[in-house]
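Close look at the chain arrangement
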Amino acid sequence: MTAVTIVVVFAVGLAQSDGPSSSGPRAPSVTQARAQIQGAPEPLRQLYARSNALLPETTFDRLLASVRGYPVVVNVWASYCGPCRQEFGLLRRAAARYGKQVAFLGLDADATPGPAEAFLRKNPTLYPHVRDPRGRLADRLSAGVVLPSTVILRPDGQIAAVFAGAYPNPQRLAEDLARYAKVTNEQ
């Protein structure tokens, strides 16, 4: 690897890392996260092939159907929401850590796509996001009132848990994933 390549890789990694308001270690870049989920089952690999995409509301049910049989973490967020922004790095790290066992999806509550697209460019994720400007999908998941909210779906698609507000730390999310999604500590 040449010195220029190393500098470029380092700079891209810094650009894709969490900001200073994020708690815990820096989230992995999408490339690093993909390396962590190598060997994931095909439905999860297909979902994560759409990493960082901001998709139309109409794709949500198809995405859920494509990962039926796996637990799903759906995070409802908006680019203007301070707690959402602070929690984002925690979810990026969790997706990299548990992405072989759990499907992760974002629901963007921004009224227009521009702010969300700009935020995702600075904070890229392993998983895709679906636009939900009217909150219909969040309401369907019982997560329509508080931003951020995180919904854990069982492998059969039924709601197992709703966490209103930002997860306070990675341990609390790991506990909920173990309890409701039956994940192991696989790295």
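Relevant structure appears above.
In this report, we go over the structure that sits alongside the text.

Scoring rules and cut-offs
Residues numbered from 1 in each chain as written. Predicted model: local features only at pLDDT ≥ 70, side-chain atom pairs only at ≥ 80, totals over all residues. Heavy atoms only, no water. Buried < 20%, exposed > 50% of the residue type's maximum accessible area, 1.4 Å probe, protein only. Helix = DSSP H or I, 4+ residues; strand = E, 2+ residues; numbered from the N terminus. Pairing = 2+ DSSP bridges. Right-handed = clockwise from strand over helix to strand, strands pointing away.

1. Considering the pairing of strand β2 (residues 72–77)
Burial runs high along β2: 6 of the 6 residues are buried. In β2, alternate side chains face the same way, and those of V72, V74 and V76 on one face and V73, N75 and W77 on the other are all buried. Pairing analysis gives 6 bridges linking β2 to strand β3 (residues 103–108), with the strands arranged parallel. Of the residues in β3, the one forming a bridge with V74 is L105. Taking the sense of rotation as the criterion, the β-α-β connection linking β2, helix α5 (residues 82–98) and β3 turns out right-handed. Of the strand pairs in this sheet, β2 and strand β5 (residues 149–153) are connected by 5 bridges, and their pairing is antiparallel. Residue N75 lies in a different strand from β5, and its bridge partner there is T150.

2. With respect to unusual backbone geometry
Looking along the chain, the bond that leaves L147 and enters P148 is cis, with omega of -10°. The phi dihedral of N52 falls on the positive side, at around 65°, and the residue is not glycine. Mapping N52 onto the fold places it in the loop between α3 (42–48) and β1 (54–55). Phi is positive for S142, close to 60°, though the residue is something other than glycine. Along the polypeptide, S142 turns up in the loop between α7 (136–140) and β5. Judged by its relative accessible area of 52%, S142 is exposed.

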